[in-house]
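Residues per chain are reported as follows:
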Amino acid sequence: MTTATPAKTKAYEELTSLLRDAAVLHSMQATLAWDQETMMPPGGAPLRAEQLETLAGMVHTKKTDPRIGELIAACEDDSEVMGDARRSANVREIRRDYELATKLPGSLVGELARASSLGMEAWKDARSKSDFAIFLPWLQKTVDLNRRKAECYGVPSWGAELYDALMDEYEPKMTAARTQEIFRPLREFTVKLVERVKASKAPAGVDEVHTAIPIEKQKEFSRRVLEAFGFDFRCGRLDESAHPFCEGAGPGDVRLTNRYSEKAWLDQLSSASHEGGHGLYEQGLPKAEYFGQPLGDAISLGIHESQSRMWENQIARSRGFWEWAIGVAKDVMGAPVAGMSADQVFRAANVVEPSFIRVEADEVTYNLHIMLRFDLERAMIAGDLKPKDLPGIWNERMKKDLGLTVPDDRRGCLQDVHWSMGAIGYFATYTFGNLYSAQFWEAMARAIPDRDDQIRRGEFGAILAWLREHIHGVGRQYSAGELCERVTGKPLASEPLMRHLEAKVESVYG
Ligand code: ZN
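Since we're looking at a predicted model, the values are computed, not measured.

### A look at the overall build of the protein chain
Assigned secondary structure in the protein chain consists of 23 helices and 3 strands. The buried share among the 510 residues of the protein chain stands at 53%. Once local pairs closer than 6 in sequence are excluded, the contacts in the protein chain between residues at least 24 apart make up 73%. Carbon and sulfur atoms make up 52% of the accessible area of the protein chain, which totals about 22,000 Å². Distance between charge centres in the protein chain, computed from 64 positive and 76 negative side chains, equals 2 Å.

Structure follows, in structure tokens:
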């Protein structure tokens, strides 16, 4: 059966309307996934898996509809569409998504999905028993399947190795070689900075900060901070889950979660600020106008993470922030924090201490955890590292970079969920987030010269307005690399982050 060539003027409209249908279905997946983590009774798990699988199939069918391919081609022939910067960027990105979605045979997609759900169960078991042998066959399978996936995509025209095809899914246009070029000076710098911290005296008065606070008060405190940041609670929520996350279902609905324990009030504020940063980005994307279209979407995981890291680190771990927030903390949480000073909490929020677990790492050592994972997964895809040799190499590297002897694989190579889910090429985006956020932060300082004073007064409106204008509002009009050059005048580099970390360590440790 053939379909008529779409009329040019109508093609763009039909295309964006088909994509909106797919996005509506996809938003149902997002809402159900949020519900699974926050509200669903455990007995609902099997039905939820079926619901999500059904929806995933429907979304995939919609996104790979051959009609979309015809409409893209018609738009590409339409000089009126292609002459408009926003619409032509939209068409370019729609083509990219369509090609990625249609390049993988259904059989491989199915195999990847099965391997990730079974692999995750094996990983949970392996991690709880700290027994790498249980996970090894699944790691091998994940590496093999990812290599097949990369072969289907093909090495991108800007890349040089199969790993680049995998990276492109998470951080479009980035390559392993370029990543290594950015990471190398950061690694050398960080290893030296950690040595310097180890030789310094621990900051004073830190232990007293980690005092017990009732959880309801902690929730109120983070809500007050997020409101001040500009998170819109009429179009968003903050709930509780085992692992904090942000789910942007669609226009008008962005869900944040956090986890709580009585003595971790400072950690929970960090994760609330982090997820809040993701949420502010989601609320700032032009979804009302472009829902389902690339122009309404986040650019990349690295750019998304830059937004969470900025609110978490550059803002909520700064001395100026605490000069304001300590007043809010005392107002909400009362007696337990009454005797604390802004300076004391600032120091407690910025202690640097090498540790085994990535998600618990401080701002300085965090990137060393990422670089290790990037190097090892890249070597596994290239065939230079056999999965069975992973624990040994992992532990060697932890000793070399962080000076730590890994006691067991649970606190070593079995700690992260990513490989069990089949995600290879993902880890580096966490450090890209740190790098982009430091570089954007420096560019923003030139536009808002009294930014530090504003933060000290608890005023974040100018910061958010700058992010909305330069980053949130553009959707996927540019690649992450192009956005970085437009916003900061320079390609992504390691120096701004190194300057930020150096200054931070200086102000905490002297
Ligand atoms: Zn994040």
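### A closer look at the packing of aromatic side chains
On inspection of all chains with the given rule, the structure shows 21 aromatic pairs. Their ring planes at 45 degrees and their centres at 4.6 Å tell us that F229 and W311 sit as a pair that is tilted. Of this pair, F229 sits in helix α10 (residues 215-229) while W311 sits in helix α13 (residues 301-315), and the two are 82 residues apart along the sequence. Judged by its relative accessible area of 0%, W311 falls in the buried class. Ring centres of W265 and W322 lie 6.1 Å apart, and the angle between their planes is 85 degrees; this geometry places the pair in the edge-to-face category. You can see W265 sitting in helix α11 (residues 265-284) and its partner W322 sitting in helix α14 (residues 319-333), a full 57 residues away along the chain. For the pair shown, W265 and W322 are each scored as buried. Aromatic ring contacts, followed pair by pair, group F221, F229, W265, W311, F321, W322, W324 and F460 into a single cluster. Stacked on the ring of F427, the Lys or Arg R373 has its end atom at 5.6 Å from the ring centre. Residue placement shows R451 over the ring face of W441; its charged tip is 3.5 Å from the ring centre.

### Side note on the nonpolar core
Formed by 123 residues in total, the largest nonpolar core has its most connected members in F221, W265, F321 and W322. Looking at which domains feed residues into this core, each of domain 1 (7-141) and domain 2 (176-509) supplies at least three. Residues contacting F321, with those up to four places away along its chain left out, are V225, F229, L269, I315, A316, I455 and F460.

### Here we look at the coordination of the zinc ion
H274 (NE2), H278 (NE2) and E305 (OE) make up the full set of protein donors to the zinc ion, lying at 2.1 to 2.2 Å. Written as a sequence motif, the donor residues of the zinc ion are H-x3-H-x26-E. With H274 and H278 both in helix α11 and 4 residues apart, this pair spans about one turn of that helix. H274 sits in the buried class, given a relative accessible area of 11%.

### A look at the environment of E377
Looking at the secondary structure, you find E377 in helix α17 (residues 366-382). Looking at E377, the relative accessible area reads 0%, which means it is buried. Sequence-wise, E377 and P391 are 14 residues apart; in three dimensions their C-alpha atoms are separated by 12 Å. When sequence neighbours within four positions are dropped, the list of residues in contact with E377 reads Y163, W419, A423, I424, G425, Y426 and F427.

### What about the packing of α11 against α13?
Two elements in contact, α11 and α13, have axes separated by 7 Å at closest approach and are oriented at 135 degrees. Judged on the interaxial angle alone, α13 and α11 are oblique. In this structure, the crossing between α11 and α13 has a hand that is right-handed. Between α11, through S270, S273, H274, G277, H278, L280, Y281 and E282, and α13, the contact on the second element is made entirely by I303, H304, E305, Q307, S308, R309, W311 and E312. Considered class by class, the residues forming the contact of α11 with α13 number 4 nonpolar, 8 polar and 4 charged.

Criteria and cut-off values
- Residues numbered from 1 in each chain as written.
- Predicted model: local features only at pLDDT ≥ 70, side-chain atom pairs only at ≥ 80, totals over all residues.
- Heavy atoms only, no water.
- Helix = DSSP H or I, 4+ residues; strand = E, 2+ residues; numbered from the N terminus.
- Buried < 20%, exposed > 50% of the residue type's maximum accessible area, 1.4 Å probe, protein only.
- Contact = heavy atoms within 4.5 Å.
- Areas by Shrake-Rupley, 256 points an atom, 1.4 Å probe, with all protein chains shown as cover.
- Lys, Arg positive; Asp, Glu negative; His and termini not counted.
- Charge placed at Lys NZ, Arg CZ, Asp CG, Glu CD.
- Phe/Tyr/Trp six-rings, centres within 6.5 Å; stacked < 30°, edge-to-face > 60°.
- Lys NZ or Arg CZ within 6 Å of the ring centre and 35° of its normal.
- Core = buried A, V, L, I, M, F, W, Y, C linked by side-chain atoms within 4.5 Å.
- Domains from an automatic or database assignment.
- Donors = N, O, S within 2.8 Å, 3.2 Å for Na, K, Ca; no water.
- Axes fitted to C-alpha atoms, helices over the stretch in contact; angles between N-to-C directions.
- Parallel < 35°, antiparallel > 145°, perpendicular 65-115°, else oblique.
- Left-handed = near helix turned anticlockwise from the far one by under 90°.
- Nonpolar A, V, L, I, M, F, W, Y, C, P; charged D, E, K, R; others polar.

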